[in-house]
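# Fold and geometry: a report
Residues per chain, in single letters:
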Amino acid sequence: MVNEEIFEEGFAESAQIRVIGPEGEQLGILTAISALNSAYEKGLDLVLIAPQSVPPVARIMDYGKFRFEREKKKKEAKKNQQKVDVKEVQLSCKIEQNDFNTKVNNARKFLSSGNKVKVLVVFKGRQMAHQEVGITLIEQFEQAVADLGAAEKRPAMEGRSMTLLISPTKPSAKAQAQNNNQDKN
């Protein structure tokens with residue numbers, strides 16, 4: 001709440017509020033109207049910071065600048081967020097070794113770029129009776145990418161497929177330094 005909005009929110013003009021100056025100094029406990037007049041004299045705004053405290057706390061500041069800085073911080077925080085995608089690798093129970101190696105290489109690329117990998121083993125027809133084949137296949141896959149990622153939980157059946165979610169492990173500082181050196185060269 002800013003300036004006159006403080007009075008619209010139910011604060012009386014004679015209400016006591018703790019006022020903090022523009023440089024962060026304590027101005028003491030003043031009435032709301034005298035704090036507002038003090039802010040106007042300095043060409044600034046009176047901003048209610050902590051209305052629930054006793055007495056409520058208000059600060060004299062440039063509200064436009066405050067809003068700008070707050071939005072700037074939000075944008076910076078949003079820009080620094082790392083988005084993690086979930087990539088999917090689908091296997092069948094009768095997969096050949098070369099096809100399996102190709103799928104493992106794809107998953108390794110995904111994990112090294114920071115994405116999660118969802119491994120699906122699809123069962124067709126009578127293969128549902130031999131789910132242990134799918135479990136061994138998923139275990140082999142998990143061992144093949146163990147240096148780059150770890151399973152979040154054990155394999156689970158979802159309909160006619162068995163799934164496993166593999167998250168990338170944090171690369172060590174040494175590995176990151178090597179990647180940065182390779183990028184520069």
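For the structure given in this document, a descriptive report is provided here. (Residues numbered from 1 in each chain as written. Predicted model: local features only at pLDDT ≥ 70, side-chain atom pairs only at ≥ 80, totals over all residues. Heavy atoms only, no water.)

### A look at the pattern of salt bridges
Heads up, the condition is: The working definition used for a salt bridge is a side-chain nitrogen of Lys or Arg within 4 Å of a carboxyl oxygen of Asp or Glu. The way it works is that DSSP assigns letters per residue, a run of H or I at least four long becomes a helix, a run of E at least two long becomes a strand, and they are numbered from the N terminus. Any residue under 20% of the maximum accessible area for its type is buried, any over 50% is exposed, and the rest in between are partly exposed; the area is computed with a 1.4 Å probe on protein chains only.
Applying the stated criterion across every chain, the model contains four salt bridges. A salt bridge links R108 to D147, with the shortest nitrogen-to-oxygen separation between them at 2.8 Å. Within this pair, whereas R108 is found in helix α4 (residues 97–112), its partner D147 is found in the loop between α5 (131–144) and β7 (149–151), the two being separated by 39 residues in sequence. On the basis of relative accessible area, R108 is assigned to the partly exposed category, the value being 24%. K116 is the partner of E152 in a salt bridge, and the nearest nitrogen-oxygen pair spans 2.9 Å. With a gap of 36 residues between them, E152 in the loop between β7 and β8 (156–158) and K116 in strand β6 (residues 116–122) connect regions that are remote in the sequence.

### Quick look at the packing of α4 against α5
The condition is simple: Lines fitted to C-alpha atoms define the axes, with helix axes restricted to the stretch in contact, and inter-axis angles between N-to-C directions lie between 0 and 180 degrees. Every angle not falling under 35 degrees, over 145, or within 65 to 115 is termed oblique; those three ranges are roughly parallel, roughly antiparallel and roughly perpendicular. By definition, turning the near helix anticlockwise from the far helix through less than a right angle yields a left-handed crossing, and turning it clockwise yields a right-handed one. A contact between two residues is defined here by any heavy atoms of the two lying within 4.5 Å. Residues are grouped as follows: nonpolar covers Ala, Val, Leu, Ile, Met, Phe, Trp, Tyr, Cys and Pro; charged covers Asp, Glu, Lys and Arg; every other residue, Gly included, is treated as polar.
Packing of α4 against α5 leaves a shortest axis separation of 10 Å and a crossing angle of 50 degrees. Our classification of the angle between α4 and α5 gives oblique. Here the hand of the crossing between α4 and α5 comes out right-handed. Counting all contacts with α4, which are made through F100, K103, V104, A107 and R108, the residues of α5 involved are L137, Q140, F141 and A144. Among the residues making up the contact of α4 with α5, the classes are represented as six nonpolar, one polar and two charged.

### Quick look at the packing of aromatic side chains
Our working rule: Only the six-membered ring of Trp is used, alongside the rings of Phe and Tyr, when aromatic pairs are assigned; centres must lie within 6.5 Å, and planes under 30 degrees apart are stacked while those over 60 apart are edge-to-face, with the rest tilted.
Going through the model one piece at a time under the given rule, you end up with two aromatic pairs. Ring centres 6.1 Å apart and planes at 35 degrees place the aromatic pair Y63 and F66 in the tilted group. A residue pair is termed a helical-turn pair when its members lie 3 or 4 positions apart in one helix, as Y63 and F66 do in helix α3 (residues 63–79) at three residues. The exposure class of Y63 is partly exposed, given its relative accessible area of 22%. F66 gets classed as partly exposed once you look at its relative accessible area, which sits at 34%. Relative to F141, the ring of F100 lies with its centre 5.9 Å away and its plane at 85 degrees, an arrangement referred to as edge-to-face. Remark: F141 occurs in helix α5 and F100 occurs in helix α4; sequence separation between them is 41 residues. Side by side, F100 and F141 carry an identical accessibility label, which is buried.

### Some points on the sheet that holds strand β4 (residues 57–61)
Rules: For two strands to pair, DSSP has to find at least two bridges joining them.
Pairing is mixed across the open sheet formed by four strands, whose spatial order is β2-β1-β4-β3. A single partner strand is all that each edge strand has here, and the edge strands are β2 (26–31) and β3 (45–50). Along the sheet, successive strands turn relative to each other by an average axial angle of 35 degrees, direction set aside. As defined by bridge partners, β3 adjoins β4 across five bridges and the pair is classed as antiparallel. Residue pairing across strands places V47 opposite R59, the latter belonging to β4. Relative to β2, helix α2 (residues 32–41) is tilted by about 130 degrees, and along the sheet it contacts β1 (16–20), β2, β3 and β4.

### Observations regarding the environment of E158
Note the cut-off: Counting of polar contacts relies on pairs of N or O atoms within 3.5 Å, with two restrictions inside protein: one atom must be capable of donating a hydrogen and the other of accepting it, and residues adjacent in sequence are counted only when both atoms are side-chain atoms.
Mapped onto the fold, E158 is located in strand β8. Non-local contacts of E158, meaning those with residues more than four positions away in its chain, are made with K118 and T163. A distance of 3.3 Å separates polar atoms of two side chains, one belonging to E158 and the other to T163.

### Digging into α2
Convention followed: Throughout, the arc means that of the directions going from the helix axis to the C-beta atoms.
Residues A32, A35, L36, S38 and A39 constitute the buried set of α2. For α2, the angular spread of buried residues about the axis comes to 160 degrees, placing them on one side. Positive phi shows up at G43, right after α2, with a value of about 75 degrees.

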